[in-house]
Amino acid sequence: MGSLWLASAGNYALWQQVHQLPEVNGLRGLAFTLGFGLIITCALTSLLSLFNWGKLLKPVLTVFFFSAASGAYFMMSYGIVIDSTMITNVIQTDTKEALDLFNWRMLVSFAILGLLPAWVLWKTPLKSLRVGQQLLGNALMAVLSIGILLASLLAVFQDFSSIMRNHTQLRYLINPLNSYYAIGMVAAKPFQRDNKTLLPVGQDAKLVTAKATDKPPLILLVLGETARMGNFGLNGYDRNTTPELSKENTVSLRGVMSCGTSTATSVPCMFSHLGKEDFESRKNNYESLIDVLHHAGLALLWIDNQSGCKGVCERVPQALTKELKHPSFCKGGECFDEIMLHQLDERIQALPAERRAKGVVVVMHQMGSHGPAYYKRVPDNFKKFQPECKSNALQECSREQVVNSFDNTILYTDHFLSQAIQWLKKSNATHATAMLYVSDHGESLGENNLYLHGLPYRVAPDVQKRVPWISWWSQQFETQTGLSSACLKKKTNAPLTHDNYFHSVLGMVGVSTEVYQAKLDVHADCRTPS
Ligand SMILES: [Zn+2]
């Protein structure tokens, strides 16, 4: 009965998707659905027969009910699926982010899908058997359910194999087995990789020799959050979401694809020299871009207005805005992005003087457009697009409201980046200043009932993978590096990825090292040799 409940009600999200598939129709579609349902029921029954021992069964089944309930809620509400990336995100989420997701729909869904069957279960008396009898009973149950599973699979095999191949996302929707499989994958990862050692990268790094007229570089790297490329006015969006940046001499590249579809996968990958493919299959952990810049003798500062730097900035000075309690920028333990510009000069002055003399690189990790509570990311005077969605249950709002509140976050990011440029300009007399803004991944805003991000890369829609990449260079910076923004503008639609980030930043800052690859540096052929 427990397996039947899980396979039916607990898999509501799966059945809804199956129902919408064009190839599932008529009697044959019904037969496929029944067969698929039997396969899941029997898989669960055979798994549960392992746990059918006296007082063990009820707690185990209760865990199954509640994991199915939470999986079903998130899959239904946001169109997400549960894979190992999603489990990594769950582990790395802080309580603040988790509370953002909490709402009454979630409680109702937990009550119906978790509490109700658990209540029935705990009210049902279980007969206790002798060990031998129990073993025999469990073995029979396992054999029988595997038998029915195989028979059902054979009966619908043709449809089953083609549908599962054409709609790979279905396998991530099978509740709660998807969660357990994903947890197993995450748990197994550390064994495939040596996590105890951190291999050095670019220890030979050094700054290219400066001419007498050169000024030390002051580079700002802004790491964006959940900003989607197409929603920037600069990128041709029909709404002017970037009024302030469009007044600056910026170059915005539109052809950039992210490494992952979540912060936890994209950020470490962006800052790695390996590139997406090698990064995902790496056997060792390596130092990051931040370490390479540090090896080159530069002063580094990582300012975080997010859930941390995911391991890429551990060996350089960091400032966490969470610890600040600024009266106008922060409320409820969360700050607007402009907080990162607050007392910035003092923070830089505190870095080692001999490093500062060579140059400074500041990284700002934004809160940006982090959902689902977009409305919380934006001060009131930047909520230009109305009506906005004031709920974290995005499906309660109209699509227009969801898009409005998301666009307000871009409008505020535009203001934040412009403020950052004004701050850089103040140092133009003493430094060669430049900024590079790149987001970690995009976002779904209700297209095909998908919200947020984090779908497995292969099945994620482009809006979750296309990210903005915006550069601003001062005149002094262009003169002394020989880089030309006019040349970079010609690459507006060039196909690029996060794999280009590591090498483009090294090229931009002027660091030479054996790990640098000019062919991945988007700036390499925009430099006139001096
Ligand atoms: Zn992110």
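Since we're looking at a predicted model, the values are computed, not measured. Numbering of residues begins from 1 in every chain and follows the order in which that chain's sequence is written. Confidence filtering applies because this is a predicted model: local features only for residues at pLDDT of at least 70, side-chain atom pairs given and counted only at 80 or more, and all residues used for totals across whole chains, interfaces and linings. The side-chain quantities take in all heavy atoms of the structure and omit both hydrogens and water.

Trainee: Would you explain a nonpolar patch on the surface in this entry?
Mentor: Where nonpolar side chains cluster on the molecular surface, the patch consists of Trp-104, Val-108, Ile-112, Leu-116, Trp-119 and Val-120 and spans about 640 Å² of accessible area. Here a helix means four or more residues in a row that DSSP labels H or I, a strand means two or more in a row labelled E, and each is numbered from the N terminus. With respect to the helices, strands and loops of the structure, Val-108 is situated in helix H7 (residues 104-123). Only protein chains enter the accessibility calculation, which uses a 1.4 Å probe; a residue whose area is less than 20% of its type maximum is buried, one above 50% is exposed, and one in between is partly exposed. Residue Val-108 is classed as partly exposed on the basis of its relative accessible area, which comes to 40%. Residues forming no salt bridge and having over 30% relative accessible area are the ones grouped into patches, like charges within 9 Å of each other and nonpolar side chains (Val, Leu, Ile, Met, Phe, Trp, Tyr) within 5 Å. Only the protein chains shown count as cover for residues, and the accessible areas themselves come from Shrake-Rupley with a 1.4 Å probe. Salt bridges are defined by distance alone: a side-chain nitrogen of Lys or Arg within 4 Å of a carboxyl oxygen of Asp or Glu.

Trainee: What exactly am I supposed to notice about the side chain of Ser-439 here?
Mentor: When you line up the elements, Ser-439 lands in strand E12 (residues 432-439). Accessibility expressed as a relative area gives 0% for Ser-439, which makes it buried. Reaching out from Ser-439, the side chain makes a polar contact with the backbone nitrogen of Ala-227 at a distance of 3.1 Å. Any two residues whose heavy atoms approach within 4.5 Å at even a single point are treated as in contact. Ignoring anything within four residues of it in the chain, the contact list for Ser-439 reads Gly-224, Glu-225, Thr-226, Ala-227, Met-270, Val-467, Pro-468 and His-498. Whenever two N or O atoms come within 3.5 Å, that pair is a polar contact, provided that in protein one can donate a hydrogen and the other can accept it, and provided that, for residues adjacent in sequence, both atoms are side-chain atoms.

Trainee: Would you take a moment to explain the state of the cysteines for this structure?
Mentor: Two cysteine sulfur atoms form a disulfide, by the criterion used here, when they sit within 2.5 Å. This model, assessed by the stated rule, comprises five disulfides. The disulfide that involves Cys-309 links it to Cys-313, with 2.2 Å between the sulfurs. Judged by the sign of its S-S torsion, about -95°, the cystine formed by Cys-309 and Cys-313 is left-handed. The same class applies to Cys-309 and to Cys-313, which are both buried. Here Cys-487 engages in a disulfide with Cys-526; their sulfurs sit 2.0 Å apart. Taking the sign of the S-S torsion, about -75° here, the bridge from Cys-487 to Cys-526 comes out left-handed. Remark: Cys-526 occurs in the segment after strand E17 (511-512) and Cys-487 occurs in helix H18 (residues 485-489); sequence separation between them is 39 residues. Side by side, Cys-487 and Cys-526 carry an identical accessibility label, which is buried.

Trainee: When you look at unusual backbone geometry in this model, what are you seeing that I'm missing?
Mentor: Of all residues except glycine, most have a negative phi; of all peptide bonds, most are trans. The residue after Gly-371, namely Pro-372, is reached through a cis peptide bond having omega -5°. Examined against the element boundaries, Pro-372 turns out to sit in the loop between strand E11 (360-365) and helix H16 (399-426). Residue Pro-387 is reached from Gln-386 by a cis peptide bond, and omega for that bond is -5°. As for its position among the elements, Pro-387 is in the loop between E11 and H16. In this structure, Lys-310 takes a positive phi of about 55° despite not being glycine. Locating Lys-310 in the fold gives a position in the loop between strand E7 (299-304) and strand E8 (318-320). A positive phi angle is found at Gln-343, which is not glycine, with a value near 55°.

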